[in-house]
Amino acid sequence: GAGVSQSPSNKVTEKGKDVELRCDPISGHTALYWYRQSLGQGLEFLIYFQGNSAPDKSGLPSDRFSAERTGGSVSTLTIQRTQQEDSAVYLCASRLTRVSTDTQYFGPGTRLTVL
Amino acid sequence: AQSVAQPEDQVNVAEGNPLTVKCTYSVSGNPYLFWYVQYPNRGLQFLLKYITGDNLVKGSYGFEAEFNKSQTSFHLKKPSALVSDSALYFCAVRVPPPGGGNKLTFGTGTQLKVEL
């Protein structure tokens, strides 16, 4: 079956602009995660969605970052007023919420470059 | 707080030789442990996991890992390395609720280079 997909694969933007990154999780996966991979910080958790529960936003680095998940499926990560330090690869993952299948499956990522 | 350490930034091994990529962790509670591999310009690919049960877990592409609770380690191993195994390897840990949260905490990654 199809894996996690993300779009765009690459995004170049100017400092101060807003960007939206999209994630399509694996069908039927109720949990969805966003992570950021950057040279200086490694892999960092950003936000977690589970069904209709309130999202876990504890990893968002600032209030310029927000995310939503519509209809329990597609998610959009929005970065407002982008800064150069936002340049990174943004990874999305999804998971079935059963212990036996407690595995996060990752998409290919969106490489964001802020000029 | 939970943390993962991968003490080696890079591991070099000759093709056909056994390989080990080290991982130790620090958690409060019972950990779920994972290994992922990342090829250049690609996302993370799941290799294997330990949730419960047998300490030795087998995964994709001939990889295996052993959960050692007393040493808080989860080293990745393969009996015979291939050049195609060359990639960036990440160890990750999660402690599920109620003792922990939902996120994975990753190590800093180990670059594996397998040479002819």
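Below or above, wherever it landed, is the structure these notes cover.

### Structural notes on the interface of chain A and chain B
And step 1. Across the contact, 19 residues belong to chain A and 17 residues belong to chain B.
And step 2. Note on chain A versus chain B: buried area summed over both sides is about 1,500 Å², and carbon and sulfur give 53% of it.
And step 3. Sorting the residues of chain A by area buried against chain B places Leu43, Asp102 and Phe106 of chain A first, and these three jointly supply 34% of that buried surface.
And step 4. Our count for the chain A to chain B interface comes out at zero salt bridges.
And step 5. Run the count over chain A and chain B and you get four residue pairs in polar contact (both at pLDDT 80 or more).
And step 6. Breaking the side of chain A that touches chain B down by element, the ones donating at least two residues are strand E4 (31-38), strand E5 (42-50), strand E8 (88-95) and strand E9 (105-106) of chain A.

### Details of the environment of Thr110 of chain B
Residues and elements named next belong to chain B.
And step 1. Along the polypeptide, Thr110 turns up in strand E12 (residues 110-115).
And step 2. Sequence separation between Thr110 and Pro7 is 103 residues; the distance between their C-alpha atoms is 8.1 Å.
And step 3. In this structure Thr110 touches Gln6, Glu8, Asp9, Gln10, Val11, Val21, Ala87, Leu88 and Tyr89, once residues within four positions along its chain are discounted.

### Some details on the pairing of strand E6 (residues 44-50) of chain B
And step 1. In this sheet, E6 of chain B lies alongside strand E5 (residues 32-38) of chain B in antiparallel orientation, the contact comprising six bridges. Paired with Tyr36 of chain B across the strands is Phe46 of chain B, a residue of E6 of chain B.

### Comments concerning the state of the cysteines
And step 1. Counted by the stated rule, this structure contains two disulfides over all chains.
And step 2. A sulfur-sulfur separation of 1.9 Å characterises the disulfide bridge that pairs Cys23 of chain A with Cys92 of chain A. The sign of the -65° torsion about the S-S bond sets the Cys23 of chain A-Cys92 of chain A disulfide as left-handed. Of the two residues, Cys23 of chain A is situated in strand E3 (residues 19-24) and Cys92 of chain A in strand E8; the sequence distance between them amounts to 69 residues.
And step 3. The exposure class of Cys23 of chain A is buried, given its relative accessible area of 0%.
And step 4. Linked covalently through their sulfurs, Cys23 of chain B and Cys91 of chain B form a disulfide whose S-S length is 2.0 Å. Given an S-S torsion of about -65°, the disulfide between Cys23 of chain B and Cys91 of chain B has left-handed geometry. Of the two residues, Cys23 of chain B sits in the loop between strand E3 (19-21) and strand E4 (24-26) while Cys91 of chain B sits in strand E10 (residues 87-94), which places them 68 residues apart along the sequence.

Reading guide: rules and limits
Residues numbered from 1 in each chain as written. Chains lettered and ligands numbered in written order. Predicted model: local features only at pLDDT ≥ 70, side-chain atom pairs only at ≥ 80, totals over all residues. Heavy atoms only, no water. Contact = heavy atoms within 4.5 Å. Buried area = accessible area lost by both parts, 1.4 Å probe. Salt bridge = Lys/Arg side-chain N within 4 Å of Asp/Glu carboxyl O. Polar contact = N/O pair within 3.5 Å; in protein donor to acceptor, adjacent residues only side chain to side chain. Helix = DSSP H or I, 4+ residues; strand = E, 2+ residues; numbered from the N terminus. Pairing = 2+ DSSP bridges. Disulfide = S-S within 2.5 Å. Buried < 20%, exposed > 50% of the residue type's maximum accessible area, 1.4 Å probe, protein only.

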